[in-house]
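Next come the chains, spelled out residue by residue.
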Amino acid sequence: MALAVGCRARPGKARDNKTGSWRVFKPAFDHEKCSKCGMCQTLCPEGCVHEDAEGFFDPDYNYCKGCGICAAECPKEAIAMKQEEK
Amino acid sequence: MRELRIHGRGGQGSVTAAELIAVAAFEGGVFSQAFPAFGVERRGAPVQAFVRFDDKKIRLRSQVYEPNYIIVQDSTLIKDVNVFMGVRKGGIVIVNTEKKPDYTVPEGVKLITIDATTIALKAIGLPITNTSLMGAFAAATGEIQFSALEKALNHRFPKELAAKNIAAAKVAFDIVKGAA
Amino acid sequence: MMEITEGSHAIAEAVRLCRPQVISAYPITPQTHIVEALADFVANGQLDAEYITVENELSALSACVGASAAGSRTYSATTSQGLMLMAEVCFNAAGMRLPIIMSIANRAMGAPLSIWNDQQDSIALRDSGWLQFYAEDNQEATDLHLLAYKVAEDHAIQLPAFVCFDGFILSHTYEPVDMLTQQDVDKYLPKFNPSERLDAADPISFGMYATPEYYLEFRYEMDQAQKRAKDVIAKAGKEFGAMFGRDYSALIEGYRLEDADTAIVAMGSICGTVKDAIDEMRADGKKVGLLKIRVFRPFPSEEIAKMLSHVKRVAVLDKNISLGAKGATVMEVRDALYGSTIPVKGYVLGLGGRDVRKRNIKEIVELTEKGPEDMFYGLRKELI
Amino acid sequence: MAEKTCDLFDCGHRACGGCGAALAARLVTKAAGKESIFVSSTGCMEVFSTPYPETAWKVPWIHSLFENAAAVASGIEAALKKQGRKEKVVIMAGDGATFDIGMICISGAFERGHDFTYICYDNEAYMNTGIQRSGSTPYDASTTTSPAGKYSFGNKRQKKDMPAILAAHGAPYVATTSIAYPADLLQKVEKAIATPGPSYVQIHAPCCTGWGFEGEQTIAIAKLAIETGLWVNYEMIDGKVTKVKKVVRKPVEEYLKTQKRFRHLFKPTRQDAEIAAIQAIADKNAEKFGIDIKLPPKKE
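In this text the structure is predicted, and so the values were computed from the model without any measurement. (Residues numbered from 1 in each chain as written. Chains lettered and ligands numbered in written order. Predicted model: local features only at pLDDT ≥ 70, side-chain atom pairs only at ≥ 80, totals over all residues. Heavy atoms only, no water.)

## What about the overall build of chain A?
When helices and strands are counted, chain A shows 2 helices and 4 strands. In chain A, the succession of α and β elements from N to C terminus is β-α-β-β-α-β. What you see for chain A is a C-alpha radius of gyration of 16 Å, clearly larger than the 12 Å of a compact globule of 86 residues, by over 25%. Dimensions of chain A, computed from the C-alpha atoms along their principal axes, are close to 50 × 30 × 20 Å. (Helix = DSSP H or I, 4+ residues; strand = E, 2+ residues; numbered from the N terminus. Rg over C-alpha atoms; globule rule 2.2 N^0.38 Å.)

Printed below as a string of structure tokens:
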């Protein structure tokens, strides 16, 4: 791919960088306990937590770095951090 | 190529005089160039400005060392600055003074004295001598036509101020012409 | 129409006619008259531009970076210390490929503090990626601004440019200049049409960083753009000649050089004095000619080698010095002549406003005949 | 589904897990919306979000230098004005770029009154270069250039009061906020952007790597800063404080203990005088801004 003039780029390529591989702990989202407050989505520094059709939330493990903020801040303790199996 | 050096003090309008003489000369069909001796001088300090005249485009960029003409805006400069330095034989020196000269110009150089301050005070109401001296320069050297000087002044100043300056220049022009 | 006007005013007028949309500058002697005139144009509705009165030169050029990236034609002016305060932004603007045009009223670098002319300032930034044009007189200083915009904004180039002219010697001199009209300039210089800009409709990231996998190639691309500029200047300069009668297609110009034994290489306003000195030397039977460098970046190496191929000796005048080495021009001229046996002698002269006269040029020609050792010319022996 | 989220700050950026600044970027771009142009200074965020060609920014974005974001933004604003465009200009710079190296450009740009919003994500040190002190580093924090040692308790100075400095420039809207209170953050950024003229929002954004705590604690620690009075969320309109977040204050110790940068205040020996000095800073903040919620006296 030829270089862009002046080291410029359009968005999109950041997603080539699958930061999920950085993870040591993996958040497990328990929809049973979830109150659908969306705090996990709001506070995720990756912006990788998404809402499904029923209003539940799940992380995109391609990008989730496993920081654990979602688990720490979940008011219902519906997210558990578990050792990543690699 | 003919060259003019103007000696004055900061604030007396030496650079403006150089500019207007250059404009008037160009108006008369010769090439001209005007520039100040670039310095950091403040109001009252001795300053110089230069003008060149030629029949072809002027390329030379050095300062003026051997002028054909010298204008001294303020005779008190004569004891501070070697105003006559380098003047060419056959050259003309114009000094603004109301006194008889107690100095001598180099041999073969013509000295013209004129009381430009009194002329300016009468015509303009301010001791701004540069326009009177331009008139004297036009009359003494023939490098610029009075009509061209008039045009340059009209172009440079608002109508009323231009008229006063033209009047001052005319008085000086006539005095020098009459004396010649 | 020919008009006698101060160099700075002629330049400001030319800039006005180029219709910059954003101007940002900071006052510094001897550039100030230009930006004062432009501020006046804006204040009186003669120029429809945003004029940003910044707090220093760093911000002046930084504002131009922002405005240029946002898609506006931009302009700034500076000199000497101000240019050094912009140095970081200069490299940045070139790397970001933003075609900003900046007037440089060449002035010496402190310390010791000097407001007077030499060309150390722009020469110090020769590696920054900006195109560099040098003017001999105020006509050229004026015209080169149009040429600079045209070349810099060309999509094959996209590099910023300095238009350099000697501080005071040109900026404060009144002389006849053919003042262009808006109609003519509009015909010559199309509207700024950047290949990309900051725009919500097409979000692009500008000024990203490059890892070692990419950086070398980005610098190579800039160098290629500099080299392409030779052809673009030739084309735009020719077009200028066709429209206005003054042809700037050549990066260098010869004066009575065709049959010269001694060639003087010089840049900027000193060329005028050199030409007068040459005429007098020719009248005395001395075969001397001038090679004037109008474009220092891209450097016209091949063109210089070709134009000097027949001379017996070369004297290069540098109003700058790379301390501990040599003048910038003599180093590059020697590089251009590499492999030839023509002796080249470098003269560092005119620094900090030291006046250079015709007699000095004549003496330099005599010294060049004696031997090729580089030297400072015109030193006051009693001081050292 | 290729893209499961629709943030303007994209996944795949290279911030540390649990990065407060990355969260700030997400929230600020969300508040600013698509019709905005972002200007970044050199810094950690710039580096973790824009290695060529992988930009995380889905809004137009420009980085020029460390110190000149405010000047670059001035130029963009002028250009937009000239072109009759309506995008909003938002600067996103760290505390080093804001409090220290960019100060001249900021002062000039605020004095000129450009219409932009300056966001400082404040993680209280130079994180990009390896945790050196900045003008925003709090009292006694140990950094690599203000290390705690035998004769040092860390950084000797208190944080520079940037909001007051910019309010003194005549900025019509100045606010502080924290990533721990996203609703407050979004509201303040939106308000700043909607306010004509130069506005300033300083966002407390803890840095797990630089401060020394586990990434999952980022929000909890940001909350503790507010609950202890060491950070105050407030709003200034035309130079007057109009809104302050009130708290039932906790002792500063509860905040300090969570971070390695203050560890020397507790180990090997507890430094009571230093902790008291920090408590005094919090008390002064509380008094200045009136943040204390006075609980009714307990009935006997």
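## Points about the nonpolar core
Ranked by size, the top nonpolar core spans 165 residues in total, and within it C:Leu308, C:Val314, D:Ile62, D:Ile76, D:Met92 and D:Tyr118 carry the most contacts. Each of domain 1 (2–244) and domain 2 (252–383) of chain C accounts for three or more of the residues forming this core. Among all residues touching D:Tyr118, those that are not within four sequence positions of it are D:Ala70, D:Ile91, D:Ala93, D:Ala97, D:Thr98, D:Ile106, D:Phe110, D:Ser199, D:Tyr200 and D:Val201. Counting residues in hydrophobic clusters, the runner-up holds 50 residues, among them C:Leu47, C:Val185, C:Tyr188 and C:Tyr248. (Core = buried A, V, L, I, M, F, W, Y, C linked by side-chain atoms within 4.5 Å. Buried < 20%, exposed > 50% of the residue type's maximum accessible area, 1.4 Å probe, protein only. Domains from an automatic or database assignment. Contact = heavy atoms within 4.5 Å.)

## Comments concerning the interface of chain A and chain C
Contacts between chain A and chain C engage 9 residues on the former and 20 residues on the latter. Here chain A packs against chain C, burying approximately 1,200 Å² in sum over the two surfaces, 58% of which is carbon and sulfur. Of all residues in chain A, A:Leu3, A:Cys7 and A:Arg8 bury the most surface against chain C, accounting for 54% of the area lost on that side. Viewed at the interface, chain C and chain A are joined by 3 salt bridges. Between chain A and chain C we count 5 residue pairs in polar contact (both at pLDDT 80 or more) in total. (Buried area = accessible area lost by both parts, 1.4 Å probe. Salt bridge = Lys/Arg side-chain N within 4 Å of Asp/Glu carboxyl O. Polar contact = N/O pair within 3.5 Å; in protein donor to acceptor, adjacent residues only side chain to side chain.)

## Structural notes on the arrangement of the chains
Take the 4 pairs of chains in contact: the one carrying the most contacts is chains C and D. There is no contact between chain A and chain B; across them, the least C-alpha separation is 41 Å. The closest approach of any C-alpha atom in chain B to one in chain D is 28 Å; the two make no contact.

## Describing the packing of aromatic side chains
Going through the model one piece at a time under the given rule, you end up with 27 aromatic pairs over all chains. Measuring from centroid to centroid gives 6.1 Å for B:Phe53 and B:Phe137, while their planes differ by 20 degrees, and the two rings are stacked. Of this pair, B:Phe53 sits in strand 3 (residues 46–54) while B:Phe137 sits in helix 4 (residues 130–141); the two residues are 84 residues apart in sequence, bridging distant segments of the chain. Through a chain of ring-to-ring contacts, three or more aromatic side chains come together here, namely D:Phe9, D:Phe38, D:Phe48, D:Trp57 and D:Trp61. Seen from the ring of A:Tyr61, A:Lys26 lies directly overhead, with NZ or CZ sitting 4.5 Å from the centre. Positioned over the ring face of C:Tyr188 is C:Lys150, at 4.3 Å from the centre of the ring. (Phe/Tyr/Trp six-rings, centres within 6.5 Å; stacked < 30°, edge-to-face > 60°. Lys NZ or Arg CZ within 6 Å of the ring centre and 35° of its normal.)

## Observations concerning a nonpolar patch on the surface
Residues and elements named next belong to chain C. Taken together, the side chains of Phe-376, Leu-379, Leu-383 and Ile-384 present a nonpolar region at the surface, about 430 Å² in accessible area. Relative to the helices and strands, Ile-384 is located in the segment after strand 16 (375–376). Given the relative accessible area of 73%, Ile-384 is considered exposed. (Patch = residues over 30% accessible without salt bridge, like charges linked within 9 Å, V, L, I, M, F, W, Y side chains within 5 Å. Areas by Shrake-Rupley, 256 points an atom, 1.4 Å probe, with all protein chains shown as cover.)

## Overview of the side chain of B:His7
Residue and element names in this part refer to chain B. Relative to the helices and strands, His-7 is located in strand 1 (residues 2–9). Accessibility expressed as a relative area gives 3% for His-7, which makes it buried. Setting aside chain neighbours within four positions, we find His-7 in contact with Ser-14, Val-47, Gln-48, Ile-70, Ile-71, Val-72, Gln-73, Leu-77, Val-81 and Val-83.

## Thoughts on the sheet that holds strand 9 (residues 234–237) of chain D
Taken in spatial order, the 9 strands of this open sheet run 9(C)-2(D)-1(D)-3(D)-4(D)-8(D)-7(D)-9(D)-10(D), and their pairing is mixed. Either end of the sheet is taken by a strand with one partner, and the two such strands are strand 9 (205–206) of chain C together with strand 10 (240–244) of chain D. Here strand 1 (residues 36–40) of chain D pairs with strand 3 (residues 88–94) of chain D via 5 bridges, running parallel. Within the sheet, the bridge partner assigned to D:Ile37 lies in strand 3 of chain D and is D:Val89. (Pairing = 2+ DSSP bridges.)

## Section: empty space enclosed by the protein
All names here are of chain A. For the structure on display, the rule yields 7 cavities of 30 Å³ or more. Of the voids in this model, the largest cavity is the one considered here, and its volume is about 130 Å³. In terms of lining, the largest cavity is formed by 16 residues, of which the most central are Cys-34, Cys-40, Cys-74, Ala-78 and Ile-79. Its residues placed into classes, the lining of the largest cavity shows 10 nonpolar, 3 polar and 3 charged. (1 Å grid on protein atoms, 1.4 Å probe; cavity = no way out; pocket = protein on both sides within 12 Å on 5 of 7 lines; lining within 4 Å. Points joined across faces, edges and corners; volume = space filled by probe spheres on them. Nonpolar A, V, L, I, M, F, W, Y, C, P; charged D, E, K, R; others polar.)

## Some words on the interface of chain D and chain C
Contact with chain D, which involves 40 residues of that partner, is made by 39 residues of chain C. Carbon and sulfur atoms make up 61% of the area that chain D and chain C hide from each other, which totals about 3,100 Å². One salt bridge in this structure joins C:Asp48 and D:Lys82, with 3.2 Å as the shortest N-O distance. When contributions to the side of chain D that touches chain C are tallied by element, the ones reaching two or more residues are helix 2 (44–49), strand 2 (61–63), helix 3 (69–83) and helix 5 (103–112) of chain D. Here the element with the most residues in the side of chain D that touches chain C is helix 3 of chain D; it accounts for 10 residues. Within the side of chain D that touches chain C, the residues separate by chemical class into 19 nonpolar, 10 polar and 11 charged. Two elements, strand 9 of chain C and strand 2 of chain D, share 2 bridges in a ladder whose sense is parallel. When the bridges of strand 2 of chain D are listed, C:Phe206 appears paired with D:Ile62.

## Things to note about the packing of helix 7 (residues 138–153) of chain C against helix 9 (residues 215–244) of chain C
Residues and elements named next belong to chain C. Two elements in contact, helix 7 and helix 9, have axes separated by 10 Å at closest approach and are oriented at 135 degrees. As the angle between them shows, helix 7 and helix 9 are arranged oblique. Between helix 7 and helix 9 lies a crossing of right-handed hand. Contact residues: helix 7 offers Asp-143, Leu-146, Leu-147, Lys-150 and Val-151, while helix 9 offers Ala-229, Val-232, Ile-233, Ala-236, Gly-237, Glu-239, Phe-240 and Phe-244. Looking at the contact of helix 7 with helix 9 residue by residue, the class counts come to 9 nonpolar, 1 polar and 3 charged. (Axes fitted to C-alpha atoms, helices over the stretch in contact; angles between N-to-C directions. Parallel < 35°, antiparallel > 145°, perpendicular 65-115°, else oblique. Left-handed = near helix turned anticlockwise from the far one by under 90°.)

## Brief notes about the pattern of salt bridges
The full count for this structure, using the stated rule, is 69 salt bridges over all chains. The residue B:Arg2 makes a salt bridge to B:Asp55 at a minimum N-O spacing of 3.9 Å. Taken together, the residues B:Arg2 in strand 1 and B:Asp55 in the loop between strand 3 and strand 4 (69–72) connect sequence positions 53 residues apart. A salt bridge links B:Arg52 to B:Glu3, with the shortest nitrogen-to-oxygen separation between them at 2.7 Å. Residue B:Arg52 is located in strand 3, and its partner B:Glu3 is located in strand 1; the two are separated by 49 residues in the primary sequence. The class of B:Arg52 is buried, set by a relative accessible area of 0%. Judged by relative accessible area, which is 8%, B:Glu3 ranks as buried. One network of salt bridges, in which partners are shared, links C:Glu136, C:Glu140, C:Glu253, C:Lys275, C:Lys292 and C:Arg294.

## Some words on the state of the cysteines
Enumeration according to the criterion identifies 0 disulfides over all chains in this entry. Unpaired in this structure, A:Cys7 has its nearest cysteine sulfur neighbour in D:Cys44, at a distance of 18 Å. Using a relative accessible area of 8% as the deciding quantity, one classes A:Cys7 as buried. A:Cys74 carries a free sulfur, and the closest cysteine sulfur to it, the one in A:Cys37, is 6.1 Å from it. A relative accessible area of 16% means that A:Cys74 is categorised as buried. (Disulfide = S-S within 2.5 Å.)

## Quick look at the environment of D:Gly43
Residues and elements named next belong to chain D. Counting through the fold element by element, Gly-43 comes out in the loop between strand 1 and helix 2. Judged by relative accessible area, which is 8%, Gly-43 ranks as buried. Taking C-alpha positions, Gly-43 is 9.3 Å from Leu-65, a pair spaced 22 residues apart along the chain. Beyond its immediate stretch of four places on either side in the chain, Gly-43 contacts Tyr-121 and Asn-128.

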